[in-house]
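As a plain string of letters, each chain reads:
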Amino acid sequence: MEQNIKVLFPGGFKPITGAHMDLAERYAELPQVSVVVMMIGPNDRDGFNRDDSMKIFKILNNNPKIVIHQTSIPSPMVASYEYLFSMPQDTVANIAFASSTKGDDYVRIKSYGPDIERYKLKGDKKGRKIAPGINIEELNLTADPLLDKNGKPISSTTAREAVATKNFELFANAYPKTDPDKIKQIWKILTRVEESTYSVEWWKSVMEGAMGTSNKKTHDAKIKKLRSFLDKNDESFVYEFEQFAKTIFGAKITESVLTENYIDRKELAAIDPTINAYFSKYGIKVDFQGKTTHFIDQINNPRNEGTIRVSDIKKLFKDLADRYGEEIQAQIKDTPTGVESDYKFDVPIHMPFMLRLVGPGNIKLIPQTIKAQHRNWQSNNPSDRIYKILKHETVNRKGSLLTEGGAGGHMSHPYDNHGLTFGDMKEIVYRALSGKLDIEGIPVTEKTDGQNIQVTWKNGQIGFARNKGTVINPMTTAELQAKFDNRGPISEAFGNAGEDLTEAFSRVPQDKLNEIFKNGRVFANMEIIYPATKNVIAYEVAVLQFHNLVEYDEAGNIVLTDATGGALIQRIVNEANLDLQKKDQSGNPIYNAGFKIIPPQEIKLGKVIDFEDQEKAFINEIDQLRNKFNLQDTDLVTEFHKAWWADIIKTKAQEMNYSLDDNLLNVLVYRWAFADKSTSLTVLKKMITDPAFLAWVTEFDKGDYKKYYKENMEPFESVFLRLGAVVLKNASNFLAVNPSKAVQDIRTELAQLIKELQVSDDIKTLAKLKVELGRIQRLGGFEAIVPSEGIVFVYRGQTYKLTGAFAPVNQILGVLKYSR
């Protein structure tokens, strides 16, 4: 760790809270830190300005190692870059960025290092470069953020709300380590009121007294009128201020000093970017302003059993995105409606919503209504997907790891995700080539070539699942063995795995198993790696590799994935001393019978030797695809696919002299590019007036479009398969015991099989072989083959795989081999 480190701490700081100063103090206490620079932006927040924050800083700070710097840049991230750009080119300095590893900013902070390295090498769009002597240090604090006396994280938002509602007690919670006199000084700066108004009780007494007899009668009349209106029009109520004036106290003077909790469309629009940021990685955009919904109406409904504030709405959507973002993204395929019931609030908040697919990878989430009530939500729609957020439930900061096949779900290549932008693809290329695919704090792991299965503990016995049906009704060990009976090595693999896991679980305390598996609601997702069932990769040892823990609801739908589950299962088995191989009478391991239990295999990556040349080549190829249809880095890759398919369809229509309207064009584009068949073929036929064009569409829809689909995807697939090949050649620590031998075995088997297939008289087999050999050749030939199926990594919370040469090799050894 370098010494003499300057820590940059950018933020809005409107206002500066005790949590801000606590983090700055903790950095200043580190001996290697020379100074902590708190960088405050220019923009006001809800009436709170920078001048006030500067005054607060002077009151709170007495540490000479902490200074404050005013910047003209609103964005904290951009402001920190500009700070570095402003340093002379001969500057030599060690820089770190303030962040707790427990906070939401951690992933953002992790991206600073790679970005700055690029600015040092390539500069920005203006040609400016950061001084090459600036060294970025990762100096994250592992302690929890400062909490208030109620155990809740301190935030500027809460402090602003406390000032707006004149709640001094709530405001003081934001400064738990601060002298009370200093808190009062800060309160006076922000409220411009005297100490006599600090008390909530005092404030209420003044306001209630201000109402008076006359105002009370007016107030009661308005409430009665409002109640009558609600009784008649509950489902379509819109709070019209002109019709129902503010009624809390009836005195105009109080309206100037109280912020009442009526939320309007302007306030929703203000938090719209924040809400959408929570869901952006899932291709979901939230629409608060839907004219067909009652969301905005019901926020202000007096019948709510608890007050719903703007901060509550942000928390509501953050919980939903953190916990269920992936499931909602996938839900659009099955049902368009759902309900979030969030029990983390003092009064639970329930929010039914509907989903609308506005394009591939682009989903609109429209809140239909909202209600704060203690009793459970009673859904009128039996197809609603229910998403519960429990009071003491937490989500792993590192996010969810998906697994391949079986009941565990599916992970995609980057080119499969139409929610990525061209800029995202470039960032993945940079991270992969620089060996920084673990930059989001989640290790890169090996994608192994085994058999998927899930295991649980239900009603006092072990249970197994391979699909949704067996998640609901798990198989016993005997049922698992019967399912795979008389299938040679496959039978041995599943049968022996079932026996070993049954034995292992029998030694673990049942209360521990019940705690982990929640009587069959949670499954450990795992892979059986068994030498006798080798497909492509020879591992030589038998292992049960646990990936994660997956929680399901009663219908077998995923509700939560814990990425740390693999290590947890391994640990409890280790504690029971049951991770040893079975042995024969002589004490020798029986590798074809007993299994060793392991967590996901972490892969070591480094920066490729020819990094600059490789990055330039890949980025150039992505730019060519982007520029084909005049797109930008910020555009989704879906825009390329839509334009590509539109060209195919319009060209055919022109050849047949058919006038194609935009509506029909969009229906056909989405149908063939993204398998969106929401418009039935019967309806589609009615939309086409020309018999000849209709005949072409009908015939094309039967299967010809699949050839075009492959042609459309091939350039993107080529980029990431080649990226995988380059990265995997630079990787190490594979699960294969003897990597060199495993690679040689693959090459030998591949060469032998190619010779056999080349004399085949099956035209389809020969054509398939030619295609796959061409893919291997483009990836670097036999030299691109490594002893692994690929690697698994996380980008912006989503799990992806890079497989390199394994894909075409698997097509030959795992598919064509059986076509002889």
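Residues numbered from 1 in each chain as written. Predicted model: local features only at pLDDT ≥ 70, side-chain atom pairs only at ≥ 80, totals over all residues. Heavy atoms only, no water.

Helix and strand counts for the protein come out as 27 helices and 20 strands. Expressed as a percentage of its 820 residues, the buried residues of the protein come to 52%. Residue pairs at least 24 apart in sequence account for 73% of intrachain contacts in the protein once pairs closer than 6 positions are excluded. Accessible surface, the protein: about 38,800 Å² in total, of which carbon and sulfur atoms supply 50%. (Helix = DSSP H or I, 4+ residues; strand = E, 2+ residues; numbered from the N terminus. Buried < 20%, exposed > 50% of the residue type's maximum accessible area, 1.4 Å probe, protein only. Contact = heavy atoms within 4.5 Å. Areas by Shrake-Rupley, 256 points an atom, 1.4 Å probe, with all protein chains shown as cover.)

This paragraph deals with the environment of Leu668. If you trace the backbone, Leu668 turns up in helix H22 (residues 662-674). Leu668 gets classed as buried once you look at its relative accessible area, which sits at 0%. Setting aside residues no more than four positions away along its own chain, Leu668 makes contact with Ile649, Leu684, Phe693 and Val697.

What follows covers helix H17 (residues 489-506). Structurally, the α-helix is built with 3.6 residues per turn, so residues lying three or four positions apart point the same way. Taking 1.5 Å per residue as the helical rise, H17 with its 18 residues ought to reach 26 Å, and the 25 Å between its terminal C-alpha atoms agrees with that figure. Buried residues of H17: Ile490, Ser491, Ala493, Phe494, Gly495, Asn496, Ala497, Gly498, Asp500, Leu501, Ala504 and Phe505, and no others. (Expected span 1.5 Å × (residues − 1).)

Another aspect to go through is the sheet that holds strand S4 (residues 93-97). With parallel pairing, the five strands of this open sheet are ordered in space as S3-S2-S1-S4-S5. Of all the strands in the sheet, the pair left with one neighbour each is strand S3 (66-70) and strand S5 (134-137). Each strand axis lies, on average, 30° off the axis of its neighbour in the sheet, ignoring direction. With four bridges joining them, strand S1 (residues 5-11) and S4 adopt parallel strand pairing. Of the residues in S4, the one forming a bridge with Leu8 is Phe97. (Pairing = 2+ DSSP bridges. Axes fitted to C-alpha atoms, helices over the stretch in contact; angles between N-to-C directions.)

What follows is about the sheet that holds strand S19 (residues 790-795). What holds strands together in a sheet is hydrogen bonding between their backbones, with the strands either parallel or antiparallel. The three strands are arranged S12-S19-S20 in an open sheet whose pairing can be described as antiparallel. Bordering the open sheet on either side are strand S12 (445-447) and strand S20 (798-802), each of which pairs with just one other strand. On average, each strand axis in the sheet is tilted by 40° relative to the strand beside it, whichever way the strands run. Examined bridge by bridge, S19 and S20 share five bridges and lie antiparallel to one another. Along S20, the bridge assignment pairs Val794 with Thr799.

With their axes 9 Å apart at the nearest point, helix H11 (residues 265-279) and helix H13 (residues 310-331) run at an angle of 20° to one another. Taken together, the axes of H11 and H13 are roughly parallel relative to one another. Here the hand of the crossing between H11 and H13 comes out right-handed. Mapping the contact onto sequence places Glu267, Leu268, Ile271, Thr274, Ile275, Tyr278 and Phe279 in H11 and Val310, Ile313, Lys314, Phe317, Lys318, Leu320 and Ala321 in H13. A class-by-class count of the residues in the contact of H11 with H13 yields 10 nonpolar, one polar and three charged. (Parallel < 35°, antiparallel > 145°, perpendicular 65-115°, else oblique. Left-handed = near helix turned anticlockwise from the far one by under 90°. Nonpolar A, V, L, I, M, F, W, Y, C, P; charged D, E, K, R; others polar.)

Relative to each other, helix H26 (residues 763-778) and helix H27 (residues 806-813) sit at 150°, their axes nearing to 8 Å. By the angle class used here, H26 and H27 are roughly antiparallel. Here the hand of the crossing between H26 and H27 comes out left-handed. Of the residues in H27, those touching H26 at Lys768, Leu769, Glu772, Leu773, Arg775 and Ile776 are Ala807, Pro808, Val809, Gln811 and Ile812. Classifying every residue of the contact of H26 with H27 gives seven nonpolar, one polar and three charged.

Moving on: the nonpolar core. With 60 residues, the main nonpolar core has Trp672, Phe693 and Leu723 as its most contacted residues. When contributions to this core are tallied by element, the ones reaching two or more residues are helix H14 (422-433), helix H20 (611-627), helix H21 (637-655), H22, helix H24 (691-729), S19 and S20. The leading source of residues in this core is H24, at 13 residues. Trp672 has contacts with Trp645, Ile649, Trp696, Val697, Phe700, Asp701, Tyr705 and Tyr709, leaving out every residue within four places of it along the chain. (Core = buried A, V, L, I, M, F, W, Y, C linked by side-chain atoms within 4.5 Å.)

Mapped onto the elements, Thr470 comes out in helix H15 (residues 468-472). The buried category is assigned to Thr470, whose relative accessible area is 14%. Within the structure, the side chain of Thr470 is placed 2.8 Å from the backbone nitrogen of Arg466, a separation counted as a polar contact. Sequence-distant contacts of Thr470, that is, excluding residues within four places in its chain, are made with Phe464, Ala465, Met475 and Phe523. (Polar contact = N/O pair within 3.5 Å; in protein donor to acceptor, adjacent residues only side chain to side chain.)

Its place among the elements puts Asp44 in the loop between strand S2 (33-40) and helix H2 (50-60). Among residues more than four places away in sequence, those in contact with Asp44 are Asn49 and Arg50.

Scanning all chains against the criterion turns up 29 aromatic pairs. Note on Tyr324 and Tyr387: the rings are 4.7 Å apart at their centroids and 50° apart in plane angle, and the pair reads as tilted. Here the residue Tyr324 occupies a position in helix H13, and Tyr387 occupies one in strand S11 (residues 385-389), the gap between them amounting to 63 residues. Judged by relative accessible area, which is 2%, Tyr387 ranks as buried. Members of the aromatic cluster, each reached through a chain of ring pairs, are Trp644, Trp645, Tyr658, Trp672, Phe693, Trp696, Phe700 and Tyr708. Geometry around Phe85 places Arg128 over its ring, the cationic atom sitting 4.3 Å from the centre. Lying across the ring of Phe611, Lys607 places its NZ or CZ 4.7 Å from the centre. (Phe/Tyr/Trp six-rings, centres within 6.5 Å; stacked < 30°, edge-to-face > 60°. Lys NZ or Arg CZ within 6 Å of the ring centre and 35° of its normal.)

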